[in-house]
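Reading the structure
Here is how the chains run, residue by residue.
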Amino acid sequence: MNAHPVEVGAQAPDFELRDQHGTPVRLSQFRGRKVVLVFYPLAFSGVCHGELTALRAFQADAQLLTVSVDSLFTHRAWADQEGFSFPLLSDFWPHGQVARAYGVLDEAKGVARRGTFILDGEGVIRWSVVNPTGQARDVADYLKALADIS
């Protein structure tokens, strides 16, 4: 079990999860492109809604992948309601396995902490931040980090 977030400079752990449509999505399929991997506690919460709405604005610069322990059915309902077209990945079962691999699973609450990892085209983590569950991340920091990665 990984108690600390994966370090900057490390190869991002590969995984395959299903998106809100039930389609399998593998992290390594995005090699050659920057990836913004965003873990969040639960769908339909105010902080998560605001963050994901802001994040979809920079999908042209990188592939946005979001992960929570919600079921794909919850993700589908939320994506339909909010118009999210990027992959909302379900880390439902085994419960929190990917969040645990990245060191962002809050074992006591059974949800992911607000962890973000920006990967370069080789799948190496170039920037990361982990915030407490109730604290939103600063999207301006993401934009700066993306601009700094060639």
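The following refers to the structure shown. (Residues numbered from 1 in each chain as written. Predicted model: local features only at pLDDT ≥ 70, side-chain atom pairs only at ≥ 80, totals over all residues. Heavy atoms only, no water.)

The next thing to look at is empty space enclosed by the protein. Overall, the coordinates contain 1 cavity of 30 Å³ or more when judged by the stated rule. Here the largest cavity defines a volume of roughly 40 Å³. As for the largest cavity, its lining consists of Leu27, Phe30, Arg31, Gly32, Arg33, Val35, Leu119, Asp120, Gly121 and Gly123. (1 Å grid on protein atoms, 1.4 Å probe; cavity = no way out; pocket = protein on both sides within 12 Å on 5 of 7 lines; lining within 4 Å. Points joined across faces, edges and corners; volume = space filled by probe spheres on them.)

The next point concerns unusual backbone geometry. Looking along the chain, the bond that leaves Trp93 and enters Pro94 is cis, with omega of -5°. On the secondary structure map, Pro94 appears in the loop between β5 (88-90) and α3 (97-101). (Helix = DSSP H or I, 4+ residues; strand = E, 2+ residues; numbered from the N terminus.)

This brings us to helix α2 (residues 72-82). Where α2 is concerned, the buried positions are His75, Trp78, Ala79 and Glu82. Here the buried residues of α2 occupy an arc of 100° about the axis, which is enough to place them on one side. Facing away from the buried side of α2 by more than 90 degrees, the exposed set consists of Phe73, Asp80 and Gln81. Looking one or two places after α2, you find Gly83, whose phi comes out positive at around 75°. (Buried < 20%, exposed > 50% of the residue type's maximum accessible area, 1.4 Å probe, protein only. Arc of directions from axis to C-beta.)

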